[in-house]
Amino acid sequence: MRLTAHTDYALRILLHAAVDPAGLFSIAEVAQAHAISRNHAMKVVNLLGNAGLLETVRGRNGGFRLGRPAHAITLGEVVRLTEPNMSPADCGNCLLQGACGLTAILRQAMAAFLAELDAHTLADAASATRLPFGLMADRAC
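Student: Sorry, what's going on with the environment of Asp90 here?
Tutor: Mapped onto the elements, Asp90 comes out in the loop between helix H4 (75–82) and helix H5 (102–118). It is 28 Å that separates the C-alpha atoms of Asp90 and Arg12, two residues lying 78 residues apart in sequence. Side-chain polar atoms of Asp90 contact the side chain of Asn93, separated by 3.0 Å.

Put into structure tokens, the structure is as follows:
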């Protein structure tokens, strides 16, 4: 399964926040760091904020941070939230609909994919993630 850019951006933004859980990040800063358009980053942060995965702080010195501890956010939860369609194939327009031997197999494959993502947390991914040195130096300022 190929994840959408929206999911990719959500995972990047969450990882960025998880690497420095005490930090408060601006949308512009994270968008630039990950080469994401500011508008896309804003939409993703809004969605993640509404879901409680990020906490957003309004105002001049505002930004966002993790809304829950990284160990309490599964990767499966993020993918389910951000993927618009979890069907691996378009069975709705198929001549074999209802009589296809692939449907159950594809359903099992998707369940296995999501089960694997559910077995890993944002903390697991963050523990192996290192922001480029320049980004960490910028945070110290």
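Additional details are given in the paragraphs that follow.
Student: How do you make sense of the pairing of strand E1 (residues 54–57) when you look at a structure like this?
Tutor: Along a regular strand, successive side chains alternate from one face of the sheet to the other. Sheet analysis places E1 next to strand E2 (residues 63–66), joined by four bridges and oriented antiparallel. Counterpart to Leu54 in the pairing with E2 is Leu66.

Student: Can you walk me through the nonpolar core in this structure?
Tutor: It is characteristic of soluble globular proteins that their nonpolar side chains tend to be buried jointly. Within the largest apolar cluster, 29 residues are counted, with the highest numbers of intra-cluster contacts made by Ile13, Leu14, Leu48, Leu54, Phe64 and Leu66. If you list the elements that add at least two residues to this core, you get helix H1 (5–19), helix H2 (27–33), helix H3 (38–50), E2, H4, H5 and helix H6 (122–127). Ranked by residues supplied to this core, first place goes to H1 with seven residues. Residues within four places of Leu66 in sequence aside, it is in contact with Leu14, Ala17, Ala18, Leu53, Leu54, Glu55, Ile73 and Leu122.

Student: It is not clear to me how H3 should be interpreted in this structure. Could you clarify?
Tutor: Count 3.6 residues to each turn of an α-helix, and residues three or four apart come out pointing the same way. The end-to-end C-alpha distance of H3, which contains 13 residues, comes to 18 Å, matching closely the 18 Å that a straight helix rising 1.5 Å per residue would cover. Listed in full, the buried residues belonging to H3 are Ala41, Val44, Val45 and Leu48. Across the axial projection of H3, the buried residues extend over an arc of 100°, all falling on one side. Residues of H3 that are exposed and point over 90 degrees away from its buried face: Asn39, Lys43 and Asn50. Against the buried residues of H3 lie H1, H2, E1, E2 and H4. Looking one or two places after H3, you find Gly52, whose phi comes out positive at around 85°.

Student: Just checking my understanding: could you explain the packing of aromatic side chains for this structure?
Tutor: We describe a pair of aromatic rings using the distance from one ring centre to the other and the angle between the two ring planes. Counted by the stated rule, this structure contains one aromatic pair. Their ring planes at 40° and their centres at 6.1 Å tell us that Phe25 and Phe64 sit as a pair that is tilted. One end of the pair, Phe25, is in the loop between H1 and H2; the other, Phe64, is in strand E2, with 39 residues separating them in the sequence. Here Phe25 and Phe64 have matching classes, each one buried.

Student: Looking at this structure, I do not really get the packing of H4 against H5. What am I missing?
Tutor: For any two helices packed against each other, one specifies the crossing angle of their axes together with the interaxial distance. Following both chains from N to C, one finds H4 and H5 inclined at 125°, their axes separated by 6 Å at the closest point. With respect to their mutual orientation, H4 and H5 come out oblique. Touching Leu75, Gly76, Glu77, Val79 and Arg80 of H4 are Leu114, Leu117 and Asp118, all from H5. For the contact of H4 with H5, a count of residues per class yields four nonpolar, one polar and three charged.

Student: Would you mind showing me how to read unusual backbone geometry here?
Tutor: Only a minority of non-glycine residues have a phi that is not negative, and only a minority of peptide bonds are not trans. Even without a glycine there, the phi angle at Ala35 is positive, about 55°. By the element assignment, Ala35 lies in the loop between H2 and H3.

Parameters at a glance
- Within every chain, residues take consecutive numbers counted from 1 along the sequence as written.
- Side-chain atom pairs in this predicted model are given and counted only at pLDDT of 80 or more, local residue features only at pLDDT of at least 70, and totals for whole chains, interfaces and linings cover all residues.
- Calculated side-chain values reflect all of the structure's heavy atoms, with hydrogen atoms and water omitted.
- Going along the chain from the N terminus, every DSSP run of H or I of four or more residues is numbered as a helix, and every run of E of two or more is numbered as a strand.
- Definition of a polar contact: a pair of N or O atoms within 3.5 Å, with one able to donate and the other able to accept a hydrogen when the atoms are protein atoms, and with sequence-neighbouring residues admitted only if both atoms are side-chain atoms.
- We call two strands paired when DSSP finds no fewer than two bridges between them.
- Only buried residues count toward a nonpolar core. Its members are Ala, Val, Leu, Ile, Met, Phe, Trp, Tyr and Cys residues joined through side-chain atoms within 4.5 Å.
- For each residue, the accessible area found with a 1.4 Å probe, counting protein chains only, is set against the maximum for its type, and the residue is called buried under 20%, exposed over 50%, and partly exposed in between.
- Here a residue-residue contact requires only that any non-hydrogen atoms of the pair lie within 4.5 Å.
- What a helix is expected to span follows from its residue count: subtract one and scale by 1.5 Å.
- Note: the arc covers the axis-to-C-beta directions of the helix.
- Note on ring pairs: Phe, Tyr and Trp rings are taken, using the six-membered ring of Trp, and paired if centres are within 6.5 Å. Classes follow the plane angle, with under 30 degrees stacked, over 60 edge-to-face and the rest tilted.
- To define axes, lines are fitted to C-alpha atoms, for helices over the stretch in contact only, and angles between the resulting N-to-C directions are given on a 0 to 180 degree scale.
- Any angle between 65 and 115 degrees counts as roughly perpendicular, while under 35 counts as roughly parallel, over 145 as roughly antiparallel, and the rest as oblique.
- All amino acids are sorted into three groups, where Ala, Val, Leu, Ile, Met, Phe, Trp, Tyr, Cys and Pro are nonpolar, Asp, Glu, Lys and Arg are charged, and the leftover types, Gly among them, are polar.

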